[in-house]
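# Structure assessment
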Amino acid sequence: MRRFLKILGALLLGIIVILGILWNVSLQQLQNLTVQHTDTPTLFIPGDDSNWTSFGPMADRFENYSLAKERMIVHVADNGHLDIKQLGPLTDNPLILVYFDDSTHAKKEAPQLKKILTYLHDKHNISAVNLVSHSSGGDVCFNYLTDQPLKNVHVAKWITIADNFPDSVTNGKTLPKGLKILNIAGNISWAHGDLVVSTDEAKQLKAFAEKQGIFYQDHIFNGTIFTAYHSMLHQNAKVDRWIAQFLFN
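What you are looking at is a predicted structure, and each value in this text was computed from that prediction instead of being measured. (Residues numbered from 1 in each chain as written. Predicted model: local features only at pLDDT ≥ 70, side-chain atom pairs only at ≥ 80, totals over all residues. Heavy atoms only, no water.)

### Things to note about the overall build of the protein
Summing up its helical and strand segments, the protein has eight helices and eight strands in all. Contacts in the protein between residues far apart in sequence, at least 24 positions, make up 75% of those at least 6 positions apart. Looking at the protein as shown, the accessible area adds up to about 12,500 Å², and 54% of this sits on carbon and sulfur atoms. (Helix = DSSP H or I, 4+ residues; strand = E, 2+ residues; numbered from the N terminus. Contact = heavy atoms within 4.5 Å. Areas by Shrake-Rupley, 256 points an atom, 1.4 Å probe, with all protein chains shown as cover.)

Okay, structure coming up:
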């Protein structure tokens with residue numbers, strides 16, 4: 001038994017070391033990446049049952065590589081009350097992490113997102129923002145963008161990761177003019193998607209956006225279950241690079 005445990009321990013240690021090496025290699029995606037720095041905030045909108053692990057690590061990686069600064073954390077209570085933690089001035093590609101206590105009802109969260117943007121306009125004179133969403137967070141952004149968005153806060157860019165937008169959702173909807181969209185999806189070869197959303201489903205947004213003359217591009221990340229799975233796409237340095245280049249250049 002002791003011999004077995006030693007062998008098992010050695011194997012686990014070897015796996016951890018290999019994964020660590022692969023992760024460090026992947027982070028080279030962010031090394032020597034040059035971006036423009038502006039004062040336009042980027043709000044991160046996570047999906048169902050979200051917490052810090054959704055976009056917090058990505059924000060940390062952006063900060064560690066001097067691509068942006070995490071400047072604000074917004075917690076939204078069930079009743080819509082905003083608990084705002086200011087970490088610094090909204091400058092230098094400011095990042096804002098948003099957490100919804102009730103994160104499973106996109107139609108409820110969309111007006112709450114509007115409340116956050118109203119606060120940013122009224123308190124910080126913000127007139128333009130970017131949005132980055134994952135999974136059902138994309139539904140939150142879509143519902144906001146197609147249901148009377150604020151006229152005095154322009155959403156310049158929207159990056160949606162691992163979401164599907166079926167015709168039943170997009171039918172009769174319109175997106176704001178001037179919006180630029182990057183749609184990112186994962187593909188595990190044998191699954192034809194990220195095990196939650198298929199690549200065909202993810203790409204349904206393309207025809208909808210292009211029909212309205214909205215700037216649109218997409219990236220499909222082809223990988224393994226450890227890199228291209230639904231919940232791993234925002235823990236992926238190559239995806240980080242795509243996002244940083246689209247947002248900040």
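### Some points on the environment of Leu-195
Within the secondary structure layout, Leu-195 lies in the loop between β7 (180-188) and α6 (199-202). As for Leu-195 and Ala-228, which are separated by 33 residues in sequence, their C-alpha atoms are 8.9 Å apart. Those residues in contact with Leu-195, other than ones at most four positions away along the chain, are Ile-188, Trp-190, Ile-225 and Tyr-229.

### So, helix α3 (residues 106-124)
The end-to-end C-alpha distance of α3, which contains 19 residues, comes to 26 Å, matching closely the 27 Å that a straight helix rising 1.5 Å per residue would cover. Residues of α3 that are buried: Ala-106, Glu-109, Ala-110, Gln-112, Leu-113, Ile-116, Leu-117 and Leu-120. In this fold, the buried residues of α3 make contact with β1 (42-45), β2 (69-76), β3 (82-86), β4 (94-100), β5 (128-134) and α4 (136-146). In the segment just after α3, Asn-125 is the residue with positive phi, at about 60°. (Expected span 1.5 Å × (residues − 1). Buried < 20%, exposed > 50% of the residue type's maximum accessible area, 1.4 Å probe, protein only.)

### Considerations on the sheet that holds β3
Pairing is mixed in the open sheet, where eight strands are placed in the order β3-β2-β4-β1-β5-β6-β7-β8. Unpaired on one side and paired on the other, β3 and β8 (215-223) mark the two borders of the sheet. Here the average twist between neighbouring strands, direction ignored, is 20°. Where β1 meets β4, three bridges bridge the pair, whose relative direction is parallel. Counterpart to Thr-42 in the pairing with β4 is Leu-95. Relative to the sheet, helix α2 (residues 52-64) contacts β1, β2, β4, β5 and β6 (154-161), its axis offset from that of β4 by approximately 170°. (Pairing = 2+ DSSP bridges. Axes fitted to C-alpha atoms, helices over the stretch in contact; angles between N-to-C directions.)

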